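Results of the structural survey
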Amino acid sequence: MDHSHMDHSGMDMSAHRCNMNMLFTWNTQDLCIVFRWWHVSGTLSLIISLLAVVALGAAYEALRSASRRYETFVDKRQEELPNGPVTETTPFLWSGRNQVEVSKRAHVLKAVLYAVQSFYAFMLMLLFMTYNGWVMIAVTVGAFVGYLVFGNSTSATKDGACH
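Below you will find a few notes about this structure. (Residues numbered from 1 in each chain as written. Predicted model: local features only at pLDDT ≥ 70, side-chain atom pairs only at ≥ 80, totals over all residues. Heavy atoms only, no water.)

Let's talk about the overall build of the protein chain
Within the protein chain one finds three helices and two strands. With 163 residues in all, the protein chain has 27% of them scored as buried. Put simply, 61% of the contacts in the protein chain that link residues at least 6 apart link residues at least 24 apart. Of the roughly 11,500 Å² of accessible surface on the protein chain, 66% is carried by carbon and sulfur atoms. (Helix = DSSP H or I, 4+ residues; strand = E, 2+ residues; numbered from the N terminus. Buried < 20%, exposed > 50% of the residue type's maximum accessible area, 1.4 Å probe, protein only. Contact = heavy atoms within 4.5 Å. Areas by Shrake-Rupley, 256 points an atom, 1.4 Å probe, with all protein chains shown as cover.)

Details of the packing of aromatic side chains
Under the counting rule described, the total for this entry stands at five aromatic pairs. Through pairs of rings, three or more aromatic residues link up here, namely Phe-24, Trp-26 and Trp-134. (Phe/Tyr/Trp six-rings, centres within 6.5 Å; stacked < 30°, edge-to-face > 60°.)

Observations regarding the state of the cysteines
The final tally for this structure, using the stated rule, is one disulfide. Residue Cys-18 pairs covalently with Cys-32 via a disulfide, S to S 2.0 Å. Judged by the torsion about the S-S bond (-75°), the Cys-18/Cys-32 disulfide is left-handed. Of the two residues, Cys-18 sits in the segment before strand S1 (31-32) while Cys-32 sits in strand S1, which places them 14 residues apart along the sequence. The exposure class of Cys-32 is buried, given its relative accessible area of 12%. (Disulfide = S-S within 2.5 Å.)

Here you go:
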């Protein structure tokens, strides 16, 4: 079938394609990282993208650290609050608040933090699942840097596979 007579002037033949690999590769030609708009088009964009992935990995550890600090803060705060009913001897700032009330609010915020961490962890997993060696190394370096900076009060063992 001869298509030489067809007018292709309206088609953008220079548009980039996303190369989706299902096997491990070091190739960066037409590499799209998670989104079509995150397209690696050369050496500079590869370096910037890898630095962004490292920053994302480190930021995940920062989020985990902030969550742990919040839990510690809540635990200390609950110990300070009276457990029984409010009486005349209860300090003015605590009136109307007790451990149960603080615990409920804190639990909702901890649930939000947990959901954000889970989403973030799965997004990092998707970065790793580009099966590109450079991106995989960047995710790992990000975890290393994040743990180095934010993990000083955390065990080095992980309790979850993805988060």
